[in-house]
Amino acid sequence: MNFDFLNSEEQRKLNQFMEITDSEDLDSAYQLLVRNRWDVEEAIGTFFSVGFSSLTVSENNRNDEASEEFGFADNEIPEIPIREPHAVESLMPSGNQTVLKKVQDFVRNFENQYSAADITLPSFYTDTLENAIVTAFNHDDKKFRKPMILFINNEDSTLTENFVKNVMCNQFVTDFSKEHFVLFPWDITEDSNLIQLCQMLTECSMRAIQEDLQNAAFSFSDRANFPLLMIIHRKRYSFEVIRKFNGRSDLNEVVNGLHEAYEIFQNDQLAEISKDLQQKEARELLVQQNAAYEQSLQADIERINSEKSLKEMEMEKKRKMELEQKKIAEEEDERVKNLSSQMPVEPDDTNPDCITVRFRLPENGIDTRRFLKTDSIRTLINYLETKRFFKEKFTFLNSELPRKDIIKTFALEKSFFEANWPKKETVLVEMKKSDD
């Protein structure tokens, strides 16, 4: 057994027990500690009194109690392995309540646990298994009969929450199952509820379903068998599982399986109807039911395609935006390249005809550049654009108060000398506002 599920305190107590008793049987040591509610002294006392033999006695008593409570014969009770402690609470009570009360409690607890704004809850059948079978398969008019889904929950499974939220509560699954199936729920987190379900299946002449369940349920080393969806069909007076899904099954597998199972059931029903009705009536009914099924299937396909189209539109919009941004970036790169090639050489600071401009840039940036008095004011604008401060996005203000927009105030083709530009000047570079 893998003991990674133990918390640090339980692991410490298990190690302490093994060290004191000098035992090498980890599985039995764990079981004995569980039996003594993790009281190390009590477990050690039991070990030195009777060894691990008390585990066998306790397990036999547990199976005897289950046999008496649910009416199994001694040779019919399957051996239920000792499981790890429940990490979560069962959604169904394990006492002596009626089946009706247990189902109703399960549905209420299920809704409390999984109800959310973006969740579509399944429409569970909230009566006994016997009445669920009557509702599904015994309608006087065969065309209103439905296959049955047995939803078997196990809160011990690590896959339960993901399967419930992404599969059971998917709108396609809930809508289709509500219209075409009778959905009966049960919870086997507690062993007594598992045994009770086996007894109920036997009493309802569903022995084959019980055996199929036992193959999955009595192997607790593989809890990914749960949750379990069993789609049940009745042919004449025998029941069979026509589709089965577990915690590993994904949404597409379940949706396709539901459609396939309903189609199988529908075809079988039509075959029976054709034996009871005249050939003409049977053909007309076949056309009607096939049309209804195709319409339902087409509606599902259209909804899926609609979601797919919306996603594709969003992706296309994003792609166009990226292309536009790339185009703008390429144009800006070319613009910077051309302007850089046109920029005159920066004069030396000893040149008597040079002027110095200090730029205060966004995010507290500072830059300085010298120009000749004979250079045009446009040269200053071009220099800033080589630094990617493009005039369409930024405003360039001089230091004179009130500050003036250089592009709007000065004739850009004039030289600094003609514009009476000061020998030293500070230019403020600001991002334009959206309404500029």
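Predicted, not measured: the structure shown is a model, and the values here were computed from it.

### Some remarks on the overall build of the chain
Moving on, step 1. When you go through the chain residue by residue, the secondary structure sums to 14 helices and eight strands.
Moving on, step 2. When contacts within the chain are restricted to residue pairs at least 6 apart in sequence, long-range pairs at least 24 apart make up 64% of them.
Moving on, step 3. In the form shown here, the chain has an accessible surface area of approximately 25000 Å², with 47% of it arising from carbon and sulfur atoms.

### Brief notes about the confidence of the model for the chain
Moving on, step 1. Counting all residues, the mean pLDDT for the chain is 85, and 88% of those residues have values of 70 or more.
Moving on, step 2. Segment residues 57-87 is flagged for pLDDT under 50; beyond a separation of four residues in sequence, or across chains, it makes 59 contacts in the model.

### Details of helix α7 (residues 160-168)
Moving on, step 1. For α7, every residue scored as buried is listed here: Thr160, Phe163, Val164, Val167 and Met168. Viewed along the axis of α7, the buried residues span an arc of 110°, placing them on a single side of the element.

### Topic: the packing of aromatic side chains
Moving on, step 1. Inspection of every chain in the model, using the stated rule, returns 23 aromatic pairs.
Moving on, step 2. A centroid spacing of 6.4 Å and a plane angle of 55° characterise the contact between Phe137 and Phe265, whose relative ring orientation is tilted. Of this pair, Phe137 sits in helix α6 (residues 129-137) while Phe265 is found in helix α11 (residues 251-276), placing the two residues 128 residues apart along the sequence.
Moving on, step 3. Of the aromatic side chains, those joined through ring pairs into one cluster are Phe359, Phe371, Tyr383, Phe410, Phe416 and Trp421.
Moving on, step 4. The aromatic ring of Phe371 is capped on one face by Arg369, whose charged end is 5.0 Å from the ring centroid.

### Quick notes on the side chain of Thr386
Moving on, step 1. With respect to the helices and strands, the residue Thr386 is situated in helix α13 (residues 377-386).
Moving on, step 2. On the accessibility criterion, Thr386 (16% relative accessible area) is buried.
Moving on, step 3. Setting aside anything within four residues of it in sequence, one finds Thr386 in contact with Val336, Leu339, Ser340 and Met343.

### As for the packing of helix α1 (residues 8-21) against helix α3 (residues 40-50)
Moving on, step 1. Their axes nearest at 10 Å, the elements α1 and α3 cross at an angle of 35°. As for the relative orientation of α1 and α3, their crossing is right-handed in sense. Packed against α1, whose contacting residues are Lys13, Gln16, Phe17, Ile20 and Thr21, the element α3 presents Val40, Ala43, Ile44, Phe47 and Phe48 at the interface.
Moving on, step 2. Here the contact of α1 with α3 is composed, by residue class, of seven nonpolar, two polar and one charged.

### Concerning the sheet that holds strand β2 (residues 182-187)
Moving on, step 1. Sheet architecture is open: four strands sit in the order β2-β1-β3-β4, paired in mixed fashion. Each edge of the open sheet carries a strand with a single partner, namely β2 and β4 (238-245). Ignoring which end each strand starts from, the neighbouring axes of this sheet average 25° apart.
Moving on, step 2. As defined by bridge partners, strand β1 (residues 148-153) adjoins strand β3 (residues 228-235) across five bridges and the pair is classed as antiparallel. Following the sheet pairing, Met148 is matched in β3 by Ile232.
Moving on, step 3. Helix α5 (residues 99-114) rests against β1 and β2 of the sheet, and its axis sits at about 90° to β2.

### Quick look at the pairing of β2
Moving on, step 1. Within β2, six of the six residues are buried, leaving the element largely enclosed by the surrounding structure.
Moving on, step 2. Side chains Val182, Phe184 and Trp186 of β2 all project onto a buried face; the interleaved residues Leu183, Pro185 and Asp187 project onto the opposite face, where all are buried too.
Moving on, step 3. In this structure, β1 lies alongside β2, joined through six bridges in parallel fashion. Counted as the bridge partner of Met148 is Val182 from β2.

### Remarks on the pairing of strand β7 (residues 394-397)
Moving on, step 1. Burial along β7 is two-sided: Phe394 and Phe396 and Thr395 and Leu397, pointing in opposite directions, are all buried.
Moving on, step 2. As paired strands, β7 and strand β8 (residues 424-431) are joined by four bridges and run antiparallel to one another. Bridge assignment links Leu397 to a residue of β8, and that residue is Leu428.

Conventions and cut-offs
Residues numbered from 1 in each chain as written. Predicted model: local features only at pLDDT ≥ 70, side-chain atom pairs only at ≥ 80, totals over all residues. Heavy atoms only, no water. Helix = DSSP H or I, 4+ residues; strand = E, 2+ residues; numbered from the N terminus. Contact = heavy atoms within 4.5 Å. Areas by Shrake-Rupley, 256 points an atom, 1.4 Å probe, with all protein chains shown as cover. pLDDT = per-residue confidence, 0-100. Buried < 20%, exposed > 50% of the residue type's maximum accessible area, 1.4 Å probe, protein only. Arc of directions from axis to C-beta. Phe/Tyr/Trp six-rings, centres within 6.5 Å; stacked < 30°, edge-to-face > 60°. Lys NZ or Arg CZ within 6 Å of the ring centre and 35° of its normal. Axes fitted to C-alpha atoms, helices over the stretch in contact; angles between N-to-C directions. Left-handed = near helix turned anticlockwise from the far one by under 90°. Nonpolar A, V, L, I, M, F, W, Y, C, P; charged D, E, K, R; others polar. Pairing = 2+ DSSP bridges.

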